[in-house]
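Structural description and commentary
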Amino acid sequence: MTSKDDGKRQTYRAAGVDIEAGDALVEAIKPLAKATTRAGVVGGIGGFGALFDPRAAGFTDPVLVATTDGVGTKLRLAIDTGIHDTVGIDLVAMCVNDLVVQGAEPLFFLDYFATGRLDPAIAARVIAGIAEGCRQVGCALTGGETAEMPGMYGAGDYDLAGFAVGAAERGRLLPEGVAPGDILLGLPSTGVHSNGFSLVRRIIETAGLGLDAPAPFAPGQTLGAALMAPTALYVRPVLALARAGLLRAAAHITGGGLPGNLPRVLPEGTSAVIDQPWPVPPVFSWLARAGDVAAAEMLRVFNCGIGMVLVVRPADEPAARALLAETGIESHRLGRIASASGTPEVTIERADALFA
């Protein structure tokens, strides 16, 4: 039997896929995943699927809740700045913040990391951020997929997606019982979070700034570093309120802003009236000025300083705010739920003054 000359044989490595690098990455991230383990996890990372037992996690009659998300074009900033350590926290936050608004406790998380040529050092930094986000909210990182796909991505580029699964006891899902007169509380964001970055990048380009320029809104930081502040994780404070019976609804304020997200948790016959100002972080005032962005557009694209809105009964407001303070998060009274006809809407009074 004849064989080709070794120099002419085709290999996966020659085609651009390094199996050994992928195997090395899996070994490197096993300790990261192990550090996030929690009650309910069955087995470890490396199998064909992740196993989880909700009853072992303390649930008696669980309803599973699943979410998936990415971090949008914030990835472009991570790649261009070389700040790969926190974008994984963003990925976890975008998924688990959507879980908790339904009254669900995040149980386990899966990630998808795709690139043209695998750089194990960069991939490990990204996944370390994912593990850190999971650790902060008590969610196990049980597995994922690393895909090396030559020709699909530019040099140094990568893509991320996340998948979270949580559970709530049957009958304790949110929203529940929202009614006119209820109070709206806002929890502060840590900045732009992980949506609206296509507009952010356009404003930066129009302003003629580089990512290594001093941030006009954050003294002592570069523009890129300031914008890479990770998305806030709201799981612990929101779950604390839900378990105390103090929460009727919660809305994660992402793409679409307050007008686009708050109505998603309101019943027919109600509307949200936001008539109290809140502290708007300087980054949003700068974006509004530098990009000549109207207030209505700012509120439709960005969180503008409020990353989560909670709906509580008037009588429960003092206890809710006290419990939030105990968890280390401040809250701002934003307004109230009002009676209305038709599809729920949000009215934001004196919106123009927010970005003055």
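Residues numbered from 1 in each chain as written. Predicted model: local features only at pLDDT ≥ 70, side-chain atom pairs only at ≥ 80, totals over all residues. Heavy atoms only, no water.

1. Some thoughts on the UniProt feature "domain: PurM-like N-terminal" (unreviewed entry) in the protein
With numbering matched to this structure, UniProt assigns "domain: PurM-like N-terminal" (unreviewed entry) to residues 63–167. Structurally, residues 63–167 comprises 38% helix and 35% strand, and the distance from its first C-alpha atom to its last is 5 Å. (UniProt positions renumbered as here; feature names shortened; annotations may be inferred. Helix = DSSP H or I, 4+ residues; strand = E, 2+ residues; numbered from the N terminus.)

2. A short note on the sheet that holds strand 7 (residues 183–188)
Reading across the sheet, the six strands line up as 8-10-7-11-9-12 and stay open at both edges, with mixed pairing between neighbours. A single partner strand is all that each edge strand has here, and the edge strands are strand 8 (249–252) and strand 12 (346–348). With strand direction ignored, the average angle separating the axes of adjacent strands in the sheet is 25°. Here strand 8 pairs with strand 10 (residues 306–312) via four bridges, running antiparallel. Bridge pairing in strand 10 links Ala-250 to Leu-310. Against the sheet, helix 3 (residues 87–100) contacts strand 8 and strand 10, and its axis sits at roughly 160° relative to strand 8. (Pairing = 2+ DSSP bridges. Axes fitted to C-alpha atoms, helices over the stretch in contact; angles between N-to-C directions. Contact = heavy atoms within 4.5 Å.)

3. Thoughts on the side chain of His-84
Structurally, His-84 can be placed in the loop between helix 2 (74–81) and helix 3. There is a polar contact of 2.9 Å between the side chain of His-84 and the side chain of Tyr-158. The contacts of His-84, once residues within four sequence positions are left out, are Ala-78, Ile-79, Ile-122, Arg-125, Val-126 and Tyr-158. (Polar contact = N/O pair within 3.5 Å; in protein donor to acceptor, adjacent residues only side chain to side chain.)

4. Concerning the pattern of salt bridges
Inspection of every chain in the model, using the stated rule, returns 18 salt bridges. With its nearest N and O atoms 3.1 Å apart, the salt bridge here joins Lys-74 to Asp-90. One end of the pair, Lys-74, is in helix 2; the other, Asp-90, is in helix 3, and 16 residues separate them in sequence. In this structure, Lys-74 and Asp-90 share a single accessibility class: buried. (Salt bridge = Lys/Arg side-chain N within 4 Å of Asp/Glu carboxyl O. Buried < 20%, exposed > 50% of the residue type's maximum accessible area, 1.4 Å probe, protein only.)

5. With respect to the nonpolar core
Among the nonpolar cores identified, the biggest contains 101 residues, and Phe-109, Leu-227, Leu-287, Leu-310 and Phe-355 are the most heavily contacted of them. Looking at which domains feed residues into this core, each of domain 1 (17–169) and domain 2 (182–353) supplies at least three. Discounting residues that sit within four places of it in the chain, Leu-287 has contacts with Val-192, Val-200, Ile-203, Asp-292, Val-293, Met-298 and Phe-302. Residues Ala-57, Phe-59, Phe-108 and Ala-140 belong to the second largest nonpolar core, which totals eight residues. (Core = buried A, V, L, I, M, F, W, Y, C linked by side-chain atoms within 4.5 Å. Domains from an automatic or database assignment.)

6. Some points on the state of the cysteines
Applying the stated rule across the entire model yields zero disulfides. The cysteine Cys-134 is free of any disulfide, with Cys-139 supplying the nearest cysteine sulfur at 4.5 Å. (Disulfide = S-S within 2.5 Å.)

7. Some details on the sheet that holds strand 3 (residues 62–69)
Pairing in this open sheet of four strands is mixed, and the strands run 3-6-4-5 from one edge to the other. The open sheet is flanked by strand 3 and strand 5 (140–148), the only strands paired with a single partner. With strand direction ignored, the average angle separating the axes of adjacent strands in the sheet is 15°.

8. Concerning the packing of helix 7 (residues 235–243) against helix 11 (residues 317–326)
Packing of helix 7 against helix 11 leaves a shortest axis separation of 10 Å and a crossing angle of 145°. In this structure, the crossing between helix 7 and helix 11 has a hand that is right-handed. Here helix 7 contributes Pro-237, Ala-240 and Leu-241 to the contact with helix 11, which in turn contributes Ala-320, Leu-323 and Leu-324. Residue composition of the contact of helix 7 with helix 11, by class: six nonpolar, no polar and no charged. (Left-handed = near helix turned anticlockwise from the far one by under 90°. Nonpolar A, V, L, I, M, F, W, Y, C, P; charged D, E, K, R; others polar.)

9. Overview of the environment of Ala-35
Looking at where Ala-35 falls in the secondary structure, it is placed in the loop between helix 1 (19–34) and strand 1 (41–42). Look at Ala-35 and you get exposed, because its relative accessible area is 58%. Note: C-alpha distance between Ala-35 and Ala-315 (280 residues apart in sequence) is 41 Å.

10. Re unusual backbone geometry
A cis amide bond links Leu-174 with the next residue in sequence, Pro-175, at an omega value of 0°. Among the structural elements, Pro-175 can be located in the loop between strand 6 (158–169) and strand 7. A positive phi angle is found at His-193, which is not glycine, with a value near 60°. For His-193, the location among the structural elements is in the loop between strand 7 and helix 5 (197–207).

11. Focus: the packing of helix 3 against helix 4 (residues 120–137)
Contact pair helix 3 / helix 4: the axes reach a minimum separation of 6 Å and the direction vectors enclose 45°. If you check the angle between helix 3 and helix 4, you find them oblique. Crossing handedness for the pair helix 3 and helix 4: right-handed. The segment helix 3 lies against helix 4, with Val-87, Gly-88, Ile-89, Leu-91, Val-92 and Val-96 engaging Val-126, Gly-129, Ile-130, Glu-132, Gly-133, Cys-134, Gln-136 and Val-137. (Parallel < 35°, antiparallel > 145°, perpendicular 65-115°, else oblique.)

12. Focus: the domain arrangement of the protein
According to the domain assignment, the protein consists of domain 1 (17–169) and domain 2 (182–353). The C-alpha-based centres of domain 1 and domain 2 are spaced at 25 Å. Taken together, the contact between domain 1 and domain 2 spans 30 residues of the former and 26 residues of the latter. Across the domain 1 to domain 2 interface the summed buried area is about 2,300 Å²; carbon plus sulfur atoms make up 71%. Contact with domain 2 buries surface across domain 1, with Lys-74, Leu-77 and Asn-97 losing the most and accounting together for 26% of the total. Linking domain 1 with domain 2 are one salt bridge, by the criterion used here. Note that Glu-105 is salt-bridged to Arg-243, the shortest N-O span being 2.9 Å. Counting across the interface, domain 1 meets domain 2 through 11 residue pairs in polar contact (both at pLDDT 80 or more). Looking at side-chain class alone, the side of domain 1 that touches domain 2 contains 15 nonpolar, eight polar and seven charged residues. (Buried area = accessible area lost by both parts, 1.4 Å probe.)

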